[in-house]
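Residue-level structure breakdown
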Amino acid sequence: MPKKKPLIILKIGGSVITDRKDERPRLRGPRMRRLAREVNEGWQPGRSRLVIIHGAGSYGHPIVQRTGIHHGIHDEHQRKAMGETQRLQSDLNAHVVRHLLQAGVPAFPCQPSASAVMEAGELVSLDTEALEGLLSIGIVPVLNGVPAFDRRQGCSILSGDQTAGFLFRRLGGDSILHGTDVKGIYTADPTQDPGAELCTVVDLLDSAGLPDGVTGSTVTDVTGGMRKKLEEMRTAGARGQVFDATVKGNVSRVLQGEIVGTRIECA
Ligand code: ADP
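A brief structural summary. The numbers attached to residues start from 1 for each chain and follow its sequence in the written order. Whole-chain, interface and lining totals are the exception, using all residues; otherwise, since this is a predicted model, local features are given only for residues with pLDDT of at least 70 and side-chain atom pairs are given and counted only at 80 or more. Side-chain descriptors were evaluated using all non-hydrogen atoms of the structure, hydrogens and water having been removed beforehand.

Some remarks on the site of the ligand
Working definition: residue near molecule or strand if any one of its non-hydrogen atoms lies within 4 Å of it. Lining the immediate surroundings of the ligand are 22 residues, of which Ser-15, Arg-20, Asp-181, Gly-213 and Lys-229 lie closest. Polar contacts, as used here, are pairs of N or O atoms within 3.5 Å; protein pairs need one atom able to donate a hydrogen and one able to accept it. Residues neighboring in sequence count only if both atoms are side-chain atoms. Arg-20 places a polar side-chain atom, nitrogen or oxygen, 2.7 Å from an oxygen atom of the ligand. The side chain of Asp-189 places a nitrogen or oxygen atom 2.9 Å from an oxygen atom of the ligand. Protein contacts shield 97% of the accessible area of the ligand, which totals 580 Å² for the unbound molecule. Of all the secondary-structure elements, those providing two or more residues to the shell around the ligand are helix 1 (14-17) and helix 7 (225-236). Secondary structure is summarised from DSSP: a helix means a run of H or I of at least four residues, a strand means a run of E of at least two, and numbering begins at the N terminus for each. When residues in the shell around the ligand are grouped by element, the largest group, three residues, is from helix 7. We get accessible surface area from the Shrake-Rupley algorithm with a probe of 1.4 Å; when it comes to residues, only the shown protein chains can shield them.

Notes on helix 6 (residues 160-171)
The first and last C-alpha atoms of helix 6 sit 16 Å apart over twelve residues, in line with the 16 Å expected at 1.5 Å per residue. Only protein chains enter the accessibility calculation, which uses a 1.4 Å probe. A residue is then buried if its area is under 20% of the maximum for its type, exposed if over 50%, and partly exposed in between. With ten of its twelve residues buried, helix 6 lies for the most part within the structure. The positive-phi residue at the C-terminal boundary of helix 6 is Gly-172, with phi of around 70°. Here the expected length of a helix is defined as 1.5 Å per residue gap, with one fewer gap than residues.

Some points on the pattern of salt bridges
Any carboxyl oxygen of Asp or Glu that lies within 4 Å of a side-chain nitrogen of Lys or Arg is treated as forming a salt bridge with it. Summed over the entire model, instances satisfying the criterion amount to 17 salt bridges. Linking Asp-22 and Arg-24 is a salt bridge whose minimum nitrogen-to-oxygen distance equals 3.2 Å. Taking the shortest distance from any N to any O, the salt bridge between Glu-84 and Arg-87 comes out at 2.8 Å. Taken together, the residues span about one helical turn, with Glu-84 and Arg-87 both in helix 4 (residues 76-103) at a distance of three residues. The class of Glu-84 is partly exposed, set by a relative accessible area of 30%. A cluster of three or more residues bridged by salt bridges with shared partners is formed by Lys-11, Asp-161 and Lys-229.

Let's talk about the pairing of strand 6 (residues 140-144)
Successive residues of a regular strand alternate their side chains across the two faces of the sheet. Across the five residues of strand 6, five count as buried, placing the element largely inside the fold. Burial of the side chains of strand 6 extends over both faces: Val-140, Val-142 and Asn-144 are buried on one face and Pro-141 and Leu-143 on the other. As paired strands, strand 2 (residues 49-54) and strand 6 are joined by three bridges and run parallel to one another. Residue pairing for strand 6: Ile-52 is matched across the bridge by Val-142. Here a strand pair is declared whenever DSSP counts at least two bridges between the two strands.

That's the geometry; what it means functionally is another story.
Following this line, the structure appears as structure tokens:
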């Protein structure tokens, strides 16, 4: 068997590809077009395998917050809301995949909720055989944050950040590259504290734990924000970086191995 190429997991935050303050589901089209071009420029298929995962942004957080399906399913209204939430995510995923294909990336939509099983909000199983097969033939699977079946409460939200960690562990990832709307990890939430300082590196296994100033998100957020991203990476034993994907050129640069944000170590 030939040795498998290293696996890169690129997570693009919902706040990058949508306006998280907008209650309506709307893609930032021009930005997505640029990001897709950058993936095509930066990724070297001969050197690595690539999985792309994107967040939900305004396609997900408002409807979930409004209907409460992240706490479980209790009535007919919520059953329909679960379906509608997934439909919206499939819509967003189709836009993302279309842009990637138009840019020349061999992207393929993969719906995690078709096989994901959650338990009290944690992902316990996800079928990855097809995913590995797709990677082996040079395809770039594109997954996203979704509502998913939960053994305990009927439904919970499987975030892109959780899926990134799970796949890193299961498939033996090389790095998780978190594209967000901030330059990296700061000593405090930079959108709230103008004195927050950017960290060059964060060691997830530091005995002092994660920096206190790493918190959730200030906009409607049902998936835990920056803190949860780092917790998921620590559980997975993942290294990588958190960087600003809204800055032109950054996606292309990180795919070529450059550090443009905060390096995350876990060793
Ligand atoms: P996305 O939806 O794009 O995945 P999130 O909203 O979940 O992103 O997380 C990014 C947000 O985390 C930033 O916009 C910022 O407001 C917040 N955040 C909280 N604490 C920190 C911190 N210490 N450093 C950087 N960002 C932080």
